[in-house]
Amino acid sequence: MNFSYRKPALPCLAFLLLTSLASAADPSILSPTEATHLGLEQAWGKTLQAGSGIGRLVDIELHVDETRSRKYIDIFDGDKLVWRKATDQLDPVRGLPMGEETVRKAAERELLFMKARGAKGEIREKIVPQIWLYALGADGTVQAIDAETGETAWVQRAGDPQQPKFSMGIDDRFVSFLCGATIVQLDATNGNIVNTEPCKTVPMGGATIVGDYVMNPSTSGIEGHFLDDITEPPYLSMTAGHAIGKPRRFPKSLRMAWPTSQELVYCMEVTGSPSELFRIQTTGNVNGRIETVGEDLMFFSSAGGMVYGFQVARIATPLWQYSTGEPMVGDVVALDKQVYATSSYGNLYAFDMTNGQPAWQAPASRVEEVLGSIGDALIVRDSSNHLAVINALNGSRAATAMQNILHRAVVNRGTDRIYLVSDTGYVQCLRPIGRELPEVKIAIEFKPETESTETDKSTQPKPKSDDPFAPAAPGGADPFAAPAGGDPFAAPAGGDPFGAPAGGAMDNADPFGAANPF
C-alpha cells in the first residue's frame, strides 16, 4: 500500500522506451508527412562514417564533377516517363555495368513491346553530372558519397586525430584540408593519400582549390601550394588584416575572392603564379564568404548595411550597391538570377542580380539562412531553426515544418536537392516529389577523365610574393584608379602574367568561433 504511487511510472517508462526505439528506427530529420507538406520527398538517408556523433562533423560540402557523368536511356510517352535505365547500372547476372549499347538495345526491345500493345513512345538520352557529397570528421575521416544515391564511394582517415581540422578544398582531382598546421591532400577518385606538407605560416581557415593551387588563409595573408607537388616552396602573400571568410573561387575562371578584418575584399588570379588583382574598401566588415557567379560576377554584404555587386576583370567594376539600413551578416547566396542577403535582425532581402533592384516589396522576416531553391520556392532555415519555404517571387512564407529542429544543412546552389544533417551525423537528402533526376542549375562543360590538364613543370612559373603594403584608395577617390607612380596592373616586361585564364561552405556562424566552418 505504501508503494502504490509508483505504479503509474511503469506505463510511462514503457511509452518512453517505445518512443526512443521508434526514433532510433527512423532517424530522419524531416518526417514523410512534413516533407510532403513542403512538396518534398526523401531520396535517401544515411549515417555518416565521417563525423558521426554529436559535434564530430567539421565540414560537409557538395561538388559537381565535370569529368564524370551518368547517362540515362529513357522512354517517354509524350511527357510521361515510362522506362529508364542508367548505362552504368549493374547487370543482375554478371554484376558488371551493363554499358550504353546493352541498355540501348533493352530500350529498343521495350519500345517494340509498347508499340505492339498500341502504345506510343520515343527513346531519349539524359546526361547528369556526377555530384559528390564530401564529409570531414573531427578525427580526420573523409567520406565521399554519391549525392544522388547516397552510396559511399570511399572513406579515408588522414592526419593526426588530435589536431583541429579546417574545411575542405575540392576539385575534380583532389580533396585537401588542413589538419592543424599540415595540408593533407587526397585523391578525389579513390581517397588515397597523395601527400602531406606542413604550412609555412599559421593557418586561420579552410582550403580552397583554384587552378593549380590549393590556397588557405593565414594569420598574415594567403599561403598557396602547387597541387601537383605541394612540397614545393609555397606562394606567400600578405594582406591588410586577417581573413574573416574562406576564399571562394569563381566557378568559370581561375580567380578567388575573400574578405579581411580591415573592411577590405581581396581578389586574386591564379594563372601560373598567383597574383593579387585588386582590393575593395567596404563599409563595415564583410562577415561571410563572397558569392561568385560564372566567370566574373561577385556579390557580398557588409556590417555597414550595404549589399554590393561587382563585375571582375583585372579591376573590379561596380555594378550596383544597396543600403538596407541594417547590419548584414552571413553569406550572400545567388540563385536563379536573384541575390539573397540576410541581416542581423533576421530579415532576408532579395535583389535582381543585374541591377540590384529589390525583388520584393518588403524583406522576408525570421530567416537565418538560404539553403537552395526549387522553381519559385526558396528553401530556407528560419530563425527558430525550422525548414521553411518562401515564395521567391514576392517573399511571402508558403510553408514551415514545425516538428523538427535543424542542426545543420548544406547550401546547394547547383541542383534542386536539399541536404539536412542531424547533430549525430545523419544526412537526409530531399527532392521535389516525383523528380528522380536532379535539375542542374549551373552550366557544365564535361571534360574527359583521361584529358591531362598538367603543364610542364620546367615552364611553370614559380610562386612569388606580392607587395602587401600597397595602400587602398583613399575615401572619396576612385578605389580602382591607378595610384601615383604608374599603373600597378600594367604588364611587366617579359609577358603579361594576368592573361586570360585557361578556364567554395563557411557557415553563417562566426568563422573563428567554436563551430569553425573552416
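Just so it is clear, the model here is predicted, and its values are computed rather than measured.

**Things to note about the side chain of Q428**
Inspection of the secondary structure puts Q428 in strand β32 (residues 426-432). Polar side-chain contacts of Q428 include one of 3.2 Å to the backbone nitrogen of I29.

**Details of the nonpolar core**
Formed by 18 residues in total, the largest nonpolar core has its most connected members in L30, L38, L387, L420 and L430. Secondary structure elements with two or more residues in this core: β26 (367-374), β28 (387-391), β29 (397-401), β31 (418-421) and β32. Leaving out residues up to four positions away in the same chain, L30 has contacts with A35, L38, L387, A401, N404, L420, Q428 and L430. Formed by 17 residues, the second largest nonpolar core is a distinct cluster that contains A138, V175, C179 and L186.

**Some thoughts on the environment of Q338**
The residue Q338 is located in strand β24 (residues 338-343) in this model. You can call Q338 buried: its relative accessible area is 16%. Distance in space between the C-alpha atoms of Q338 and P358 is 9.4 Å, their sequence separation being 20 residues. The residues contacting Q338, other than those within four sequence positions of it, are V333, A350, F351, M353, A359 and A392. One polar contact links Q338 to Y340, side chain to side chain, over a distance of 2.7 Å.

**Here's the deal with the pairing of strand β16 (residues 255-260)**
Counting buried positions along β16 yields 6 of 6 residues, so the element is predominantly enclosed. In this sheet, β16 lies alongside strand β15 (residues 248-249) in antiparallel orientation, the contact comprising 2 bridges. Across the sheet, the residue bridging to R249 is M256, located in β16. Where β15 hands over to β16, the hairpin turn is made up of 5 residues, counted between the paired strands.

**Structural notes on the side chain of K165**
Inspection of the secondary structure puts K165 in the loop between β6 (152-157) and β7 (169-170). Within polar-contact distance, the side chain of K165 engages the backbone oxygen of Q163 at 2.5 Å.

**Side note on empty space enclosed by the protein**
Estimated volume of the second largest cavity: approximately 60 Å³. Around the second largest cavity, the lining residues are R70, Y72, V128, P129, Q130, I131, D146 and E148. Mapped by element, the contributors of at least two residues to the lining of the second largest cavity are β2 (57-77) and β4 (122-137). Broken down by element, the lining of the second largest cavity gets its largest block of residues, 4 residues, from β4. Looking at the lining of the second largest cavity residue by residue, the class counts come to 4 nonpolar, 1 polar and 3 charged.

**Overview of the pairing of β26**
β26 sits mainly inside the fold: 7 of its 8 residues count as buried. Of the strand pairs in this sheet, β26 and strand β27 (residues 377-382) are connected by 6 bridges, and their pairing is antiparallel. Bridge pairing links V370 to V380 in β27. A loop of 2 residues connects β26 with β27, the two strands running antiparallel in sequence, and G375 in this loop sits at a positive phi of about 60 degrees.

**Overview of the packing of aromatic side chains**
Taken as a whole and judged by the stated rule, the model has 12 aromatic pairs. Measuring from ring centre to ring centre gives 6.3 Å for Y349 and F351, while their planes differ by 10 degrees; the resulting arrangement is stacked. The buried category is assigned to Y349, whose relative accessible area is 10%. Feature note: the residues F299, W320, Y322, Y349 and F351 constitute an aromatic cluster, connected by ring pairs.

**Topic: the sheet that holds strand β25 (residues 348-352)**
Strand order in the open sheet made by the 3 strands is β23-β24-β25, with antiparallel pairing throughout. Only two strands of the sheet have a single neighbouring strand rather than two, namely β23 (328-335) and β25. Strand-to-strand twist across the sheet, computed as the mean angle between neighbouring axes with direction ignored, equals 20 degrees. Two strands pair when backbone bridges link them, and β24 and β25 are joined in this way by 5 bridges, in the antiparallel orientation.

**Section: the pattern of salt bridges**
Tallying each qualifying case throughout the model produces 28 salt bridges. A salt bridge links R381 to E369, with the nearest nitrogen and oxygen atoms 3.0 Å apart. You can see R381 sitting in strand β27 and its partner E369 sitting in strand β26, a full 12 residues away along the chain. Owing to a relative accessible area of 15%, R381 belongs among the buried residues under this scheme.

Reading the values: the criteria
Residues numbered from 1 in each chain as written. Predicted model: local features only at pLDDT ≥ 70, side-chain atom pairs only at ≥ 80, totals over all residues. Heavy atoms only, no water. Helix = DSSP H or I, 4+ residues; strand = E, 2+ residues; numbered from the N terminus. Polar contact = N/O pair within 3.5 Å; in protein donor to acceptor, adjacent residues only side chain to side chain. Core = buried A, V, L, I, M, F, W, Y, C linked by side-chain atoms within 4.5 Å. Buried < 20%, exposed > 50% of the residue type's maximum accessible area, 1.4 Å probe, protein only. Contact = heavy atoms within 4.5 Å. Pairing = 2+ DSSP bridges. 1 Å grid on protein atoms, 1.4 Å probe; cavity = no way out; pocket = protein on both sides within 12 Å on 5 of 7 lines; lining within 4 Å. Points joined across faces, edges and corners; volume = space filled by probe spheres on them. Nonpolar A, V, L, I, M, F, W, Y, C, P; charged D, E, K, R; others polar. Phe/Tyr/Trp six-rings, centres within 6.5 Å; stacked < 30°, edge-to-face > 60°. Axes fitted to C-alpha atoms, helices over the stretch in contact; angles between N-to-C directions. Salt bridge = Lys/Arg side-chain N within 4 Å of Asp/Glu carboxyl O.

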